[in-house]
Amino acid sequence: MTGMLRSLAPALVLLSLCALPAVAQPNIQIRAIYLDDNHESGPFNDPEVELFRAQAMYPITDFFRGREKASALFNGHLNLGYEYAYSAPDANNEGRWYFLPQPVSITANIGAGVLLIEDDNYAGHWIGSSAFTNGFACAPVADPALPAGLAWCRVPDFSGDDDEYRYMLVVTGSVAPTSQEITYDMGDWRVRFTVGYY
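Residues numbered from 1 in each chain as written. Predicted model: local features only at pLDDT ≥ 70, side-chain atom pairs only at ≥ 80, totals over all residues. Heavy atoms only, no water.

### Focus on the packing of aromatic side chains
One pass over the structure, following the stated rule, counts 4 aromatic pairs. A centroid spacing of 6.2 Å and a plane angle of 25° characterise the contact between W152 and Y167, whose relative ring orientation is stacked. Placement of the pair is W152 in strand β10 (residues 150-155) and Y167 in strand β11 (residues 164-171), with a sequence separation of 15 residues. The ring of Y98 is capped by R96, whose NZ or CZ atom sits 4.0 Å from the centre of that ring. If you follow R154 out to its NZ or CZ, it ends over the ring of Y167, 5.3 Å from the centre. (Phe/Tyr/Trp six-rings, centres within 6.5 Å; stacked < 30°, edge-to-face > 60°. Helix = DSSP H or I, 4+ residues; strand = E, 2+ residues; numbered from the N terminus. Lys NZ or Arg CZ within 6 Å of the ring centre and 35° of its normal.)

Put into structure tokens, the structure is as follows:
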């Protein structure tokens, strides 16, 4: 009987490990964006701001692919033709916050990211582009101003024929929930977000 228990021990250990519940990851919720420079020449020109989810292409951790549909297009209404998740306020001016009526949320898994794009082909006119879905290089840069496990990067222009300003927040490690809202300045943009279980 003792010998049988010994032979079953590895299987019992494996069974107990498999039965352990998965550790839930917190969510990152993007709540607002702020334009320090909308790169537009006139007072009434829209900066054509879009916000996408992105994911690292494993095992290459500095090469990402954007999801096919935007989470939010900041133009004040829902464009069903492009299947945006929901309406976002019309972003026209520098020096003010644009709050999302429903935050854009990503699970804080390593390699997950939120990509902010300003497509500035023509002043005040949004140009849809899916080039980011083909993959893009982006080497995350750690910053003490960000919570541990988060980094940011400036994404190069995908198309090469226009002025597109793209920044991404990306998860590079374990991110701890926080009770406070975080504001992070990426130069042309600022982003306001929280980390928690929602």
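Next comes the rest of the description.
### Overview of the environment of P26
With respect to the helices and strands, the residue P26 is situated in the loop between α1 (2-18) and β1 (27-35). With a relative accessible area of 3%, P26 lands in the buried category. When the C-alpha positions of P26 and A108 are compared, they lie 5.7 Å apart, and in sequence the two are 82 residues distant. With residues near it in sequence (within four places) discarded, P26 still touches I106, T107, A108, V175, P177, V195, G196 and Y197. (Buried < 20%, exposed > 50% of the residue type's maximum accessible area, 1.4 Å probe, protein only. Contact = heavy atoms within 4.5 Å.)

### Focus on the pattern of salt bridges
The tally for this structure, following the rule as stated, stands at 2 salt bridges. Here D36 ties to R190 by a salt bridge, and the two come within 3.0 Å at their closest N and O atoms. With D36 in the loop between β1 and β2 (49-57) and R190 in strand β13 (residues 189-196), this pair connects stretches of sequence that are 154 residues apart. On the basis of relative accessibility, which here comes to 26%, the residue R190 falls in the partly exposed class. The partner of R192 in a salt bridge is E181, and the shortest N-O contact between them spans 3.6 Å. Of the two residues, R192 is situated in strand β13 and E181 in the loop between β11 and β12 (182-185); the sequence distance between them amounts to 11 residues. (Salt bridge = Lys/Arg side-chain N within 4 Å of Asp/Glu carboxyl O.)

### Side note on the nonpolar core
Core analysis: the biggest nonpolar cluster contains 32 residues, and I28, I30, I33, L51, F74, W189 and F193 have the highest contact counts within it. For this core, the elements supplying multiple residues, two or more each, are β1, β2, β4 (72-74), β6 (97-107), β7 (112-119), β11, β12 and β13. Dropping the residues within four chain positions of it, I30 is found in contact with L51, L100, P103, V104, V114, L169, V191, R192 and F193. Ranked by size, the runner-up nonpolar core spans 15 residues in total, among them F52, A54, A70 and M168. (Core = buried A, V, L, I, M, F, W, Y, C linked by side-chain atoms within 4.5 Å.)

### Here we look at empty space enclosed by the protein
Applying the stated criterion across every chain, the model contains 2 cavities of 30 Å³ or more. Put simply, the second largest cavity is a space of about 40 Å³. As for the second largest cavity, its lining consists of I28, I106, V114, L150, L169, V170 and V171. Ranked by residues supplied to the lining of the second largest cavity, first place goes to β11 with 3 residues. Of the residues belonging to the lining of the second largest cavity, the class tally is 7 nonpolar, no polar and no charged. (1 Å grid on protein atoms, 1.4 Å probe; cavity = no way out; pocket = protein on both sides within 12 Å on 5 of 7 lines; lining within 4 Å. Points joined across faces, edges and corners; volume = space filled by probe spheres on them. Nonpolar A, V, L, I, M, F, W, Y, C, P; charged D, E, K, R; others polar.)

### Some remarks on the state of the cysteines
Per the counting criterion, the structure on display carries 1 disulfide. The disulfide partner of C138 is C153, and the S-S distance across this bridge is 1.5 Å. Residues C138 and C153 share a disulfide whose torsion about the S-S bond is about 110°; that sign makes it right-handed. In this pair, C138 is assigned in the loop between β8 (136-137) and β9 (141-142) and C153 in strand β10, connecting sequence segments 15 residues apart. Of the two residues examined, C138 and C153, each falls in the buried class. (Disulfide = S-S within 2.5 Å.)

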